[in-house]
Amino acid sequence: MRLAYQAGGVQENLKIFFTTENTESTESTEKGKTKSQRKGAKGAKKTPRFLCVLCVTSAPFASQLLIFSVFPVSPWLTAFNTIVSFMTAATSKKLDHLDWLEAESIFILREVAAEFSNPALLFSSGKDSCVVLRLAEKAFRPGKLPFPLMHIDTGHNFPEVIEFRDQRIGELGERLIVRSVEDSIKRGTVRLRKETDSRNAAQAVTLLEAIEEFKFDCLIGGARRDEEKARAKERVFSFRDEFGQWDPKNQRPELWSLYNTRLHAGENMRVFPISNWTELDVWQYIEREQIPLPQIYYAHQREVIPRNGLLVPVTPITPPQEGETVETRTVRFRTVGDISCTCPVASEAATVADIIAETSVTEITERGATRMDDQTSEASMEKRKKEGYF
């Protein structure tokens, strides 16, 4: 006999199935009976002696709860009611959109750990990578993360970001691999016209060298589809060939969240667990989880130069040009990257709540408002990604 019970919970997602089974073998009890006795036994009601109870949830990417228990039949009703009461109470809180996004991202991270032999998580200390790191903690704690963290250092990073990176890694006690564009320049694999040239695109070379050095078969990152149109058409599991290149016309289907992780020797996968998140989702999650970030994400005073509709920070790498006026403005960074191409925005938002309010009404994407390298061409990002850029 099989019965099903559905209890009210999150999205009506709690289902409890139970089956009853006799402990005595039918074959053994049939032996030694006369034909009439066997015929009479067919109409008799069998009394089960054990009850098997299975509790599952149909929540997204069902990683929620699985219970299998065997109870003597006498107290089966009490056990059944106890489980129903416990599970209904446990799921009485309704999932909001952040819970669904979190569940999807954790599922993706666990899929990476299960399918790849040598993955790594890229950690730049930006808000998106901080969110992915928190999701990884939720997916794998209390154990150690099943992959190292890696940062490709351009040598042109904001000091606050590098300081935060080292502090955060020290708190977590995880392994951090740092590979520098400066080392690639010394090896001659990266060539720049002058010291102040942007090193953002040059990261691709250093990244591919690190993949080759450590034999990584998968890299996890915090790219999102709402950031830029090239990223909008990229899959969650983004296949790269043996040269590290991405072909937007040759992407694998991802129907029903089923991911094709098959790779040949030398090939690589880039995985984006928060691909379906928006900038607003990220900040709401940061507020909910109390995720620490570098201070440059919040409003502060900084010397800037108005240039081509952007506020270029005054640094040794981005000095004022002849005829330009240096201004001290209250600004914050919406995204963090190479100093040579990352600009702040004018803002008074000094708290996460202020940033959420500001982000909810903005009409320009964070990269569109802050990245000089994305304004050189309509296809700037896509060209970089085809060459191996994350």
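This text follows the structure it describes.
Keep in mind that this is a model prediction, so the values were computed, not measured.

(A) Molecular detail of helix H4 (residues 97–115). Helix length check: H4, at 19 residues, gives a terminal C-alpha distance of 27 Å against a target of 27 Å (1.5 Å per residue), a fit within 8%. If you check which residues of H4 are buried, you get Leu 98, Asp 99, Leu 101, Glu 102, Ala 103, Glu 104, Ser 105, Ile 106, Ile 108, Leu 109 and Val 112. Along its buried surface, H4 packs onto strand S5 (119–122), helix H5 (127–140), strand S8 (218–220), strand S9 (237–240), strand S10 (268–271) and helix H10 (279–289). At the N-terminal end of H4, a side-chain oxygen is found 3.0 Å from the backbone nitrogen of Leu 98, two or three residues along, and the residue is Asp 96.

(B) Focus on the sheet that holds strand S13 (residues 327–332). Judged by pairing direction, the sheet is antiparallel, and its 4 strands sit side by side in the order S12-S11-S13-S14 without closing on themselves. The open sheet is flanked by strand S12 (310–313) and strand S14 (345–346), the only strands paired with a single partner.

(C) Fine view of the environment of Glu 267. By secondary structure assignment, the location of Glu 267 is in the loop between S9 and S10. Along the chain, Glu 267 and Arg 240 lie 27 residues apart, while their C-alpha atoms are 6.0 Å from each other. The residues touching Glu 267, leaving out its near neighbours within four places in the chain, are Phe 239, Arg 240, Asp 241 and Glu 242. Separated by 2.7 Å, the side chain of Glu 267 and the backbone nitrogen of His 264 make a polar contact.

Thresholds, definitions, all that
- Residues numbered from 1 in each chain as written.
- Predicted model: local features only at pLDDT ≥ 70, side-chain atom pairs only at ≥ 80, totals over all residues.
- Heavy atoms only, no water.
- Helix = DSSP H or I, 4+ residues; strand = E, 2+ residues; numbered from the N terminus.
- Expected span 1.5 Å × (residues − 1).
- Buried < 20%, exposed > 50% of the residue type's maximum accessible area, 1.4 Å probe, protein only.
- Contact = heavy atoms within 4.5 Å.
- Polar contact = N/O pair within 3.5 Å; in protein donor to acceptor, adjacent residues only side chain to side chain.
- Pairing = 2+ DSSP bridges.

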